[in-house]
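# Observations on the model geometry
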Amino acid sequence: MLKRAYSFRAELANGEYKLLRLAGRWGQERIPEIAPIAHGVTRIHSLRGSSSHQTNPFMGILREDCGEQSGECYGIQLVYSGSFALTAEWSKHGALTLQGGINETSFCWELRGGESFVTPQVLLTYSNAGMGGMSRSVHDFLRERIINPAYAFKRRPVVINNWEATYFDFDNEKLCAIITAAANLGIDTFVLDDGWFGNRTNDFAGLGDWVVNEEKLKGGLKKVSACCKEHGMKFGLWFEPEMVNEDSELFRAHPDWALCKEGVEPMRSRQQLVLDFTRKEVVDYIFGAVSKIIKENDISYIKWDMNRYVSECYSASLPYHRQGEVMHRYILGVYDLAQRLLDESPDLFIEGCAGGGGRFDAGMLYYFPQIWTSDDSDGYERTKIQWGTSLCYPLSSMSCHVSVCPNHQTGRTVPFDTRGRIASLGAFGYELDVTKMTDEEKESVKAQIEAYKRTDRLILSGELYRLSNPLESNYFCMLVVSKDKSEAYVVGERGLCIPYASDKFYPRIRLQGLDHNAFYEIEELKTVLSGGALLGAGLPLPQTGDFGSWEWHLKKVK
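Residues numbered from 1 in each chain as written. Predicted model: local features only at pLDDT ≥ 70, side-chain atom pairs only at ≥ 80, totals over all residues. Heavy atoms only, no water.

### What about the state of the cysteines?
The test is simple: We call a pair of cysteine sulfur atoms a disulfide when they lie within 2.5 Å. Elements are defined by DSSP. Helices are runs of H or I of four residues or more, strands are runs of E of two residues or more, and each kind is numbered from the N terminus. Accessibility here uses a 1.4 Å probe with only protein chains present; expressed as a share of the type maximum, an area under 20% marks a residue as buried, one over 50% as exposed, and anything in between as partly exposed.
A complete count under the given rule lists one disulfide for this structure. With a sulfur-sulfur separation of 2.1 Å, Cys 176 is cross-linked through a disulfide to Cys 227. The S-S bond linking Cys 176 to Cys 227 shows a torsion near 85 degrees; that makes this disulfide right-handed. Residue Cys 176 is located in helix H3 (residues 172-185), and its partner Cys 227 is located in helix H4 (residues 221-230); the two are separated by 51 residues in the primary sequence. You can call Cys 176 partly exposed: its relative accessible area is 25%. Here Cys 353 stays unpaired: no disulfide links it, and the sulfur of Cys 400, its closest cysteine neighbor, is 13 Å away. The class for Cys 353 is buried, based on a relative accessible area of 5%.

Quick look at the structure:
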């Protein structure tokens, strides 16, 4: 009986170290926290059945003098999406011991003769170029070795999702109007979100019944798919395959297919229970239902959502002494379903989502080339979320959309240009009702899409340099430079309009990653400067209003 099976153990020599973790909550995922490592055990973990909004399966170990651009650090990142644990412990001899893997709390695995147990992989990284060097190393590895090679460096679809435009209130006419308007703006993929199936008019019913609601969608999804084809767009669809509502035909037929114990009142979250993906028959059923919808309706894109954690860690299919296997077997079932869908439809593109960014990890990136970064799409809050996420995940893995203002999560109004520029630092799209936009806004959308197509190659394969941290200053700024240093893209945003009181507000910013001996034309500034000047003296930051932004396109002069 395995009671613990970690993935790695490493020991660092004596020294002063700090610990970097990515913590948060719904709507504020992967916010970096740095603190000294105290005596005893420092532990980062999740017991929620997923890598979670609250913690991420990543840990940075920083030397005392390590910063963004210089100093030594180590990165530890699990290629795993379930409950995990990472620990750092000072030994009696002064060395720092690191280890981690599957969370051992309530874990117990029966291993019979001739059987094997495989622990999750772990990525171990060293950098002598600060946290930035660590990030660039991890980004390259994930793009080259983890993310599906069919999509890792392939131009991503520009998506419009109808969720914040309609929520559950839609029909064929409303959807086709959005598709028509979106196609005219240059958007190439329409994704229909929650509410198209079963008795799904709110979030109390229908999950698990993956059958089209033809009372709501007259003619079914085929009509929506046909509208997309007519306008030259691809069709995508939302699923939440791991969940079930008690008010569903699936639950009424198979109540034992949910993770809960007969006679014990289950905990409900978002009015739903978690399906028992430890059971092959459950995964087989969901695979058959989802696969049928995909094949019958020419679906090329899936948004795979997961809106609650595992709380009832009990499977009716396992004996008492094997209930400690549930959490790990559950995530293996999730991986199995994803792999089977991709095996059957190799060109299918799946975007991950978990109530926003609640399962953003290297394990999911193996199946999903990009993941919805956060349900908080506010153009200012996203600078903090995307900054933290970029510490160990490439920009191309972050799904980033322009949404309506006042923002649905914060109530804040951020300029439309700023929303577009922040979203351009990831896989780009829109989360609003384009039929209600002004002519000026529509022209802005066209311009944003054209601008994104100029820079998306850098987002897919460039090297990232974080220049100004919005968690520590009034400015956010990132630079992405091509591997050959021939071109670069800089995006910045000012927080509140505060008169300069001291140099802590970064009135100038030094660029990074450029060729010191080359000259660069800066398109927006209509000037040519040497790489040495840009690296050494930098550029003055623009004077904008609240949440104003800017972008610079740099190209090496031959």
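### Description of the pairing of strand E25 (residues 527-530)
Side-chain direction in a regular strand flips from residue to residue, so the side chains alternate between the two faces of the sheet. Selection rule: In short, DSSP must find at least two bridges between two strands for them to pair.
As paired strands, strand E24 (residues 519-522) and E25 are joined by four bridges and run antiparallel to one another. Within E25, the residue paired with Phe 519 across the bridge is Ser 530. Counted between consecutive antiparallel strands, the loop separating E24 from E25 contains four residues, among which Lys 526 sits at a positive phi close to 50 degrees.

### Notes on empty space enclosed by the protein
To keep things clear, this is the line we draw: For cavity detection a 1 Å grid was placed over the protein atoms alone, and a set of points counts as a cavity when a 1.4 Å probe fits there but cannot get out; an open set counts as a pocket when protein lies on both sides within 12 Å along at least five of seven lines, with lining residues being those that have an atom within 4 Å of a point. Grid points are joined across faces, edges and corners, and a volume is the space filled by probe spheres set on the points.
Inspection of every chain in the model, using the stated rule, returns five cavities of 30 Å³ or more. Counted as a void, the largest cavity has a volume near 60 Å³. In this structure, the largest cavity is lined by Ser 377, Asp 378, Gly 379, Arg 382, Gln 386, Cys 400, His 401, Val 402, Arg 419, Ile 422 and Ala 423. Listing elements by their share of the lining of the largest cavity, those giving two or more residues are helix H9 (381-389), strand E18 (398-403) and helix H10 (416-423).

### Digging into the sheet that holds strand E21 (residues 475-481)
Rules: Each axis is a line fitted through C-alpha atoms, taken for helices only over the stretch in contact, and angles between the N-to-C directions span 0 to 180 degrees.
The strand order across the open sheet formed by six strands is E20-E21-E22-E27-E24-E25, and the pairing between neighbours is antiparallel. Single-partner strands in this sheet number two, and they are strand E20 (463-468) and E25. Between one strand and the next, the sheet's axes are offset by a mean angle of 25 degrees, whatever the strand orientation. The pairing of E24 with strand E27 (residues 549-556) spans three bridges and is classified as antiparallel.

### Notes on the sheet that holds strand E7 (residues 84-90)
Pairing within the open sheet is antiparallel, and its four strands lie in the order E1-E8-E7-E4. Each edge of the open sheet carries a strand with a single partner, namely strand E1 (6-12) and strand E4 (41-45). Each neighbouring strand pair of the sheet contributes to a mean axis angle of 10 degrees, computed without reference to strand direction. Bridge count for E4 against E7 is five bridges, and the pairing is antiparallel. Each bridged residue has a counterpart across the sheet, and for Val 41 the counterpart in E7 is Glu 89.

### With respect to the pattern of salt bridges
For clarity, the threshold we go by: Should a side-chain nitrogen of Lys or Arg be within 4 Å of a carboxyl oxygen of Asp or Glu, the pair is scored as a salt bridge.
Tallied over the entire structure, the rule returns 38 salt bridges. Between Glu 249 and Arg 252 there is a salt bridge; the shortest N-O distance is 2.9 Å. Taken as a pair, Glu 249 and Arg 252 lie in helix H5 (residues 249-253) at a separation of three residues, close to a single helical turn. Where Arg 268 meets Glu 265, a salt bridge forms, and the shortest distance between an N and an O atom there is 2.8 Å. The class for Glu 265 is exposed, based on a relative accessible area of 60%. Through salt bridges that share partners, Asp 194, Arg 200, Asp 203, Glu 240 and Arg 270 make up one connected network.

### Some words on H9
Burial runs high along H9: nine of the nine residues are buried. Along H9, the positions that sit buried rather than exposed are Glu 381, Arg 382, Thr 383, Lys 384, Ile 385, Gln 386, Trp 387, Gly 388 and Thr 389.

### Remarks on the environment of His 53
What counts is decided by this rule: The criterion used for residue contact is that any of the two residues' heavy atoms lie within 4.5 Å. Here a polar contact means two N or O atoms within 3.5 Å. Within protein one must be a hydrogen donor candidate and the other an acceptor candidate, and residues neighboring in sequence count only if both atoms are side-chain atoms.
One can find His 53 in the loop between E4 and strand E5 (58-63). Linking His 53 and Ala 23, residues 30 residues apart in sequence, is a C-alpha distance of 7.4 Å. For His 53, the residues in contact, after removing those within four places along its chain, are Ala 23, Gly 24, Arg 25, Trp 26, Glu 29, Tyr 309, Ala 354, Gly 355, Gly 356, Gly 357 and Gly 358. Reaching out from His 53, the side chain makes a polar contact with the backbone oxygen of Ala 354 at a distance of 3.2 Å.

### Overview of a nonpolar patch on the surface
In plain terms, the rule: Without a salt bridge and with relative accessible area above 30%, a residue can belong to a patch; like charges are then joined within 9 Å and nonpolar side chains (Val, Leu, Ile, Met, Phe, Trp, Tyr) within 5 Å. Each accessible area is a Shrake-Rupley estimate made with a 1.4 Å probe; only the visible protein chains count as cover when residues are assessed.
A cluster of nonpolar side chains, contributed by Phe 519, Val 528 and Val 557, occupies part of the molecular surface with about 250 Å² of accessible area. Among the structural elements, Phe 519 can be located in strand E24.

### A look at the side chain of Glu 29
Defined as follows: In this charge count, Lys and Arg are treated as positive and Asp and Glu as negative; neither His nor the chain ends contribute.
For Glu 29, the position within the fold is in strand E3 (residues 28-36). We note that Glu 29 is buried and unpaired, the nearest opposite charge coming from Arg 30 at a distance of 5.1 Å. A distance of 2.7 Å separates the side chain of Glu 29 from the side chain of Ser 374, its partner in a polar contact. When neighbours within four sequence positions are excluded, Glu 29 is seen to be in contact with Ala 23, His 53, Gly 355, Gly 356, Gly 357, Thr 373, Ser 374, Asp 375 and Ile 385.

### As for unusual backbone geometry
Of note, the bond from Cys 405 into Pro 406 is cis; its omega dihedral lies within 30 degrees of zero at 0 degrees. Residue placement: Pro 406 occurs in the loop between E18 and H10. Positive phi, close to 65 degrees, is recorded for Ser 106, a residue that is not glycine. Relative to the assigned elements, Ser 106 resides in the loop between strand E8 (96-102) and strand E9 (121-127).

### Points about the packing of aromatic side chains
We apply this condition: Pairing of aromatic rings covers Phe, Tyr and Trp, the last counted by its six-membered ring, and requires centre-to-centre distances within 6.5 Å; plane angles under 30 degrees mean stacked, over 60 mean edge-to-face, and any other angle means tilted. Note on geometry: a ring has a charge over it if NZ (lysine) or CZ (arginine) is within 6 Å of the ring centre and within 35 degrees of the ring normal.
Counted under the stated rule, the structure contains 29 aromatic pairs. A centroid spacing of 4.9 Å and a plane angle of 85 degrees characterise the contact between Tyr 151 and Phe 349, whose relative ring orientation is edge-to-face. Pair noted here: Tyr 151 is in the loop between helix H1 (130-146) and strand E10 (159-161) and Phe 349 is in strand E16 (residues 349-352), with a separation of 198 residues, a long-range link. A relative accessible area of 3% means that Phe 349 is categorised as buried. Grouping aromatic residues by their ring pairs yields a cluster made of Trp 196, Phe 197, Trp 210, Trp 238 and Phe 239. Between the NZ or CZ atom of Lys 216 and the centre of the ring of Phe 170, over which it lies, the distance is 4.3 Å. Between the NZ or CZ atom of Arg 340 and the centre of the ring of Phe 287, over which it lies, the distance is 4.6 Å.

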